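Working through the structure, step by step
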Amino acid sequence: MTQIAAHCLGVDVPASPFLNDTRIARINAARYEGQEIAGALHVVRAGDRVLELGAGLGIVGAVTARNRAPARVVSFEANPHLIPHVQALYAANGLDGVISVRNQVLVSAPDRADHMTFQIHSSYLGSSLGGDPDRAKEQVDVPTADFDELRQELNPNIILMDIEGGELPFLEHADLSGIRAMVIEFHPGIYEVAGMKRCKRILRDAGLQPNPDLSTRTVWVAEKAD
């Protein structure tokens with residue numbers, strides 16, 4: 001029987017090595033990834049097709065799938081150690097038919113490599129494609145997937161993105177014409193303020209404007225005007 005360690009907005013979170021008492025308390029209070037969850041619940045509507053980049057523990061995508069009845073959610077997570085726990089969370093909540101996770105890096109650039117090196121740190125929150133490899137606890141090769149092919153498969157109209165600095169290279173090549181809304185966390189510590197401004201300019205050029213009530217300097221809930 002699956003041991004449930006926490007609950008968040010109708011979603012049971014199974015026990016895993018990635019949970020500690022502090023994180024469990026934050027999950028129970030809906031403060032873990034709270035801005036992203038609030039943004040997703042605001043923008044996602046019944047029948048939407050959601051692309052999630054950076055599943056993490058799977059909570060944001062699962063809460064969205066549970067509470068907003070999207071037609072489908074496809075999540076990508078580069079850290080292979082998280083995948084079985086994300087899948088267990090989906091299964092524990094009966095969401096397998098709505099949401100799935102892939103251990104791949106979704107790439108929008110035309111010169112996509114077959115694999116990319118992902119650096120795993122002691123805290124999964126700091127794991128990323130970039131950074132100093134000497135500080136990584138482990139490095140793994142992760143297969144990539146093509147964004148244009150994913151668009152043909154899923155035809156997403158919502159993107160949820162938290163990929164520890166990977167958002168800038170993704171946005172620089174991504175066709176966002178079919179995207180109605182995006183919830184995105186920026187990481188200026190990785191690509192500096194100039195890179196964050198570049199991300200925001202790309203979103204604005206695509207017609208995605210930040211909701212002032214839900215957006216902060218580093219997390220945007222951006223929408224196209226109806």
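Our subject is the structure that appears above.
So, how was this worked out
Residues numbered from 1 in each chain as written. Predicted model: local features only at pLDDT ≥ 70, side-chain atom pairs only at ≥ 80, totals over all residues. Heavy atoms only, no water. Phe/Tyr/Trp six-rings, centres within 6.5 Å; stacked < 30°, edge-to-face > 60°. Helix = DSSP H or I, 4+ residues; strand = E, 2+ residues; numbered from the N terminus. Buried < 20%, exposed > 50% of the residue type's maximum accessible area, 1.4 Å probe, protein only. Pairing = 2+ DSSP bridges. Axes fitted to C-alpha atoms, helices over the stretch in contact; angles between N-to-C directions. 1 Å grid on protein atoms, 1.4 Å probe; cavity = no way out; pocket = protein on both sides within 12 Å on 5 of 7 lines; lining within 4 Å. Points joined across faces, edges and corners; volume = space filled by probe spheres on them. Nonpolar A, V, L, I, M, F, W, Y, C, P; charged D, E, K, R; others polar.

**Side note on the packing of aromatic side chains**
Counting across every chain of the model gives two aromatic pairs. Ring centres 5.0 Å apart and planes at 70° place the aromatic pair Phe147 and Phe170 in the edge-to-face group. Here Phe147, found in helix α5 (residues 147-154), pairs with Phe170, found in helix α6 (residues 167-171); they are 23 residues apart in sequence, far enough to count as distant. Just as Phe147 is buried, Phe170 falls in that class too. Ring geometry for Phe186 against Trp220: centres 5.7 Å apart, planes inclined by 80°, an arrangement best described as edge-to-face. Of the two residues, Phe186 is situated in the loop between β10 (181-185) and α7 (188-205) and Trp220 in strand β12 (residues 219-223); the sequence distance between them amounts to 34 residues. Across the pair, exposure class does not vary: Phe186 and Trp220 are buried alike.

**Quick word on the sheet that holds strand β7 (residues 115-120)**
Taken together, the three strands give an open sheet; going across it, the order is β6-β8-β7, and neighbouring strands pair in mixed fashion. Taken across any chain shown, the strands that pair with only one partner, and hence form the sheet edges, are β6 (105-107) and β7. Each neighbouring strand pair of the sheet contributes to a mean axis angle of 45°, computed without reference to strand direction.

**Looking at empty space enclosed by the protein**
All told, the structure shown has one cavity of 30 Å³ or more when counted by the stated rule. Here the largest cavity defines a volume of roughly 60 Å³. In terms of lining residues, the largest cavity is bounded by Val13, Pro14, Ser16, Leu19, Leu57, His85 and Leu89. Counting residues per element, the ones that place at least two in the lining of the largest cavity are β2 (11-14) and α4 (83-92). Across the lining of the largest cavity, the residue classes break down as five nonpolar, two polar and no charged.

**Some thoughts on the pairing of strand β8 (residues 138-146)**
As paired elements, β6 and β8 share three bridges and run parallel to each other. For Val107, the partnering residue across the bridge sits in β8 and is Asp146.

**Some thoughts on the layout of surface pockets**
As a volume, the largest pocket reaches approximately 690 Å³. Looking at the largest pocket, it is lined by 42 residues, and the ones nearest its centre are Leu53, Gly54, Asp162, Ile163 and Glu164. Elements with a minimum of two residues in the lining of the largest pocket: β3 (49-53), α3 (59-68), β6, β7, β9 (158-161) and α6. With three residues, β6 is the single largest residue contributor to the lining of the largest pocket. Looking at the lining of the largest pocket residue by residue, the class counts come to 25 nonpolar, nine polar and eight charged.

Treat this as a map of the structure, not an account of what it does.
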